[in-house]
Amino acid sequence: MKLIVSIVQDVDSDNLVEEITKVGFRVTKISSTGGFLKSGNSTLLSGIEDEDVEDYLNIIRNNCKTREVTKTIQTINIPGQAMIPTPIQVKVGGASAFVINVEKFKKY
């Protein structure tokens, strides 16, 4: 058995959870926040049988796409100069999935 921990953008999470459950997998969704852009993410946890891992990862791959967004960042504060926010294009989205071996699983 494997534990798959997936970190996905909030905009992709609802559709992804729907697709995961549609084929019979179970999933737990936890709200999380990214460190760099401070944007909303969802962390999904699923216990998956070894033979189902690639099917599960394909669902993630097919439902989580990257996109470019404009984010405004603050420039470095230099004494005596005005702080002017700077818009930048940033690629966001996609998913990060970690497949972890499960030593023991109990369901009560």
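Bear in mind the structure is a predicted one, so any value in this text is a computation, not a measurement. (Residues numbered from 1 in each chain as written. Predicted model: local features only at pLDDT ≥ 70, side-chain atom pairs only at ≥ 80, totals over all residues. Heavy atoms only, no water.)

What follows concerns the overall build of the chain. In terms of regular secondary structure, the chain is built from two helices and six strands. When its helices and strands are written in sequence order, the chain yields β-α-β-β-α-β-β-β. Taken over 108 residues, the chain has a buried fraction of 27%. Carbon together with sulfur atoms contributes 53% to the accessible area of the chain, which is approximately 7,500 Å² in total. (Helix = DSSP H or I, 4+ residues; strand = E, 2+ residues; numbered from the N terminus. Buried < 20%, exposed > 50% of the residue type's maximum accessible area, 1.4 Å probe, protein only. Areas by Shrake-Rupley, 256 points an atom, 1.4 Å probe, with all protein chains shown as cover.)

For the pair helix α1 (residues 10–22) and helix α2 (residues 53–63), the least separation of the axes is 10 Å and the interaxial angle reads 145 degrees. Note that α1 runs across α2; the crossing there is right-handed. Contacts from D12, N15, L16, E19 and I20 in α1 reach Y56, I59, I60 and N63 in α2. Of the residues contributing to the contact of α1 with α2, the split by class is five nonpolar, two polar and two charged. (Axes fitted to C-alpha atoms, helices over the stretch in contact; angles between N-to-C directions. Left-handed = near helix turned anticlockwise from the far one by under 90°. Contact = heavy atoms within 4.5 Å. Nonpolar A, V, L, I, M, F, W, Y, C, P; charged D, E, K, R; others polar.)

Among the nonpolar cores identified, the biggest contains 13 residues, and I4, L16, I20, F25, I48, Y56 and I60 are the most heavily contacted of them. Sorting the residues of this core by element identifies β1 (2–9), α1, β3 (40–48) and α2 as the ones contributing at least two each. A per-element tally of this core places α2 first, with five residues. Once residues lying within four places of it in the same chain are set aside, the contact partners of I20 are F25, V27, L44, Y56 and I59. (Core = buried A, V, L, I, M, F, W, Y, C linked by side-chain atoms within 4.5 Å.)

This part takes up a nonpolar patch on the surface. A contiguous nonpolar surface patch, about 250 Å² in accessible area, is contributed by I7, F98 and I100. For I100, the location among the structural elements is in strand β6 (residues 95–101). By relative accessible area, which is 39% here, I100 ends up partly exposed. (Patch = residues over 30% accessible without salt bridge, like charges linked within 9 Å, V, L, I, M, F, W, Y side chains within 5 Å. Salt bridge = Lys/Arg side-chain N within 4 Å of Asp/Glu carboxyl O.)

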